[in-house]
Every structure is written in structure tokens, then in C-alpha cells.
2 protein chains.
Amino acid sequence: MPEDLPHPALADIRIDRVLHALADPVRLTMVRQLATLPEGVACGAIDLPISKSTRTHHLRTLREAGVVTVRPSGTSRITTLRRADLNTLYPGLLDGILNAPH
Amino acid sequence: MPEDLPHPALADIRIDRVLHALADPVRLTMVRQLATLPEGVACGAIDLPISKSTRTHHLRTLREAGVVTVRPSGTSRITTLRRADLNTLYPGLLDGILNAPH
DNA sequence: TTCGTAGTTCGACATAGGTCGTACTACGAT
DNA sequence: ATCGTAGTACGACCTATGTCGAACTACGAA
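Residues numbered from 1 in each chain as written. Chains lettered and ligands numbered in written order. Predicted model: local features only at pLDDT ≥ 70, side-chain atom pairs only at ≥ 80, totals over all residues. Heavy atoms only, no water.

As named in an unreviewed UniProt entry, chain A is Transcriptional regulator, taken from Actinokineospora globicatena.

(A) Region of the structure containing the sheet that holds strand β1 (residues 41-42) of chain B. Residue and element names in this part refer to chain B. The sheet built from 3 strands is open, its strands ordered β1-β3-β2 with antiparallel pairing. What marks the edges here is a single partner per strand, and that holds for β1 and β2 (68-73). Bridge count between β2 and strand β3 (residues 76-81): 6 bridges; the pairing is antiparallel. Note on β3: the bridge partner recorded for Arg 71 is Ile 78. Against the sheet, helix α2 (residues 25-35) touches β1, β2 and β3, its axis set at about 85° to β3. (Pairing = 2+ DSSP bridges. Helix = DSSP H or I, 4+ residues; strand = E, 2+ residues; numbered from the N terminus. Contact = heavy atoms within 4.5 Å. Axes fitted to C-alpha atoms, helices over the stretch in contact; angles between N-to-C directions.)

(B) Region of the structure containing the protein's contact with DNA strand C. In the neighbourhood of DNA strand C, 24 residues make up the surrounding shell, with A:Ala42, A:Lys52, A:Thr56, B:Ser53 and B:His58 lying closest. The sugar and phosphate moieties of DNA strand C supply 63% of its atoms located within 4 Å of the protein. Within the backbone of A:Gly44, an N or O atom sits 2.9 Å from a phosphate oxygen of DNA strand C. One nitrogen or oxygen atom from the side chain of B:Thr54 is found 2.9 Å from a phosphate oxygen belonging to DNA strand C. Among the elements of the structure, α3 (52-65) and β3 (76-81) of chain A together with α2 and α3 (52-65) of chain B are those that each provide at least two residues to the surface near DNA strand C. Here the element with the most residues in the surface near DNA strand C is α3(B); it accounts for 4 residues. (Near = heavy atom within 4 Å. Polar contact = N/O pair within 3.5 Å; in protein donor to acceptor, adjacent residues only side chain to side chain.)

Right, here's the structure in full:
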């Protein structure tokens, strides 16, 4: 869609925010799905029983925390996990979470 | 103090709860301090500008999530990080958080 | 250009939860 | 037995935030 949305730079990512972003069950589910889709997905393609506006809300939280990247693509926005960045900042954290029993 | 407080068993610890417990700045600070004190500390000895009842509240949240153990000792209660348990369930997670810049 | 689709934004609502003070309980020391 | 200390329990308060629907915007297709 229109302009690119703001993302925090690596150095501006704060653990408080990341943990807060991951602490919500809906967002955690989103992150798990994203982890299986290295190419990213459109918001609407994420499988969750929530409204469009709630999706936007959660994706914004993830993006502003530095957990995901969102890039425009046609009429969609493709969301991707910032795997490499998170692994750089907090080695072990992401895998620790993704490997957790759910 | 009186009876032992309830702690979740290893198998009952849920990542949702753990992340939620760690997502609060006050609790994250507590956890960081606990990480430097393998023998544990009394609640009151934790260095934070919050009231007694707020301490109790946060320690309860951490305990119920499975992040810490609380055991009576005289008139105090000694709180300890459940390092081993967390490392077993979510290898890498705790270290990823503790090593994060703060 | 007209329409449909994908997402965002806004405002409203409800609930969760962080904070505190006060009252209470349990234990140890005197 | 009495007192002080450590911590819990309760209730009140207030903010944060998850949720939605409706209106709006941007892009592509026909």
C-alpha cells in the first residue's frame, strides 16, 4: 500500500518491547506461523479468528517492537519475521520460544 | 511464612504465562537481579522503588508462571530463579533475555 | 473509470492488570 | 506474652490494551 511503515533499527529494539509483543497469545500464534513462512505472508492470510482491524493492531505492535518487517506488495503488505535481527540481539530467545510446546 | 505457596510443576508451565510474566519491566528487573543471586533473596531485599504489596503482586505473577520458586525461611520468603526448569523447557530463552542489553 | 480487495484509522467499549494504602497473619526475639 | 518485622490479602483506582464495526485509502483488474 502507500508509503513504507516505520520499523525500529536494530539498535533501537528493546527487550521490554519484544517480550511485551510476544506475550500476547494472538501475537505469539502469528509469530509461530510467520516462523514457518520465511517468504512472509499477507496479513489476511494469517489464520486467526479475529477481525481485520485487530490484525492490523497486532501486526503494528509486532512491527513497532522490531519483531516483524512489513513491506508493501501490490494491494497487500507482506509481513516477515526479523529472525536474523532477533538472533543477533538475543541469541537463543526466538528458538527457545518457537521450540516451546504449544 | 505459613504454608508453602503453590508452584506449577514443570509440565504445567506455559510459554504464554512465562512471556507475560517477563514482559513487565519491574518483573524483568527482578529476574535480572535474581539471576545474579543463585541462593535467592528475600522479597524485601530486591532493590526496586515499589511498595510491599506491589512486590508481592509481581512475585506472585512470577511464581504462578513458573519463573521463580518461593520457599519460607523464618519470617522471610526466599525467592529463587527456576533456571534449570526454564532451560529445560525453553533452552536458550532465559540466557537470550539475560544477555540482552539493558 | 469503476469496482473490488487489502489494509489502515478512528472511536467506543470492556477487561486486565499495575499501583497503592490499610488491615491482617506468621514467625522470631526480647 | 509482647513486640517488631516480613510478607500477604483486600479493595480501590486508573491506565493500558485487546476487541470490534464503520468509514476511509490505495492499488489492481476489468
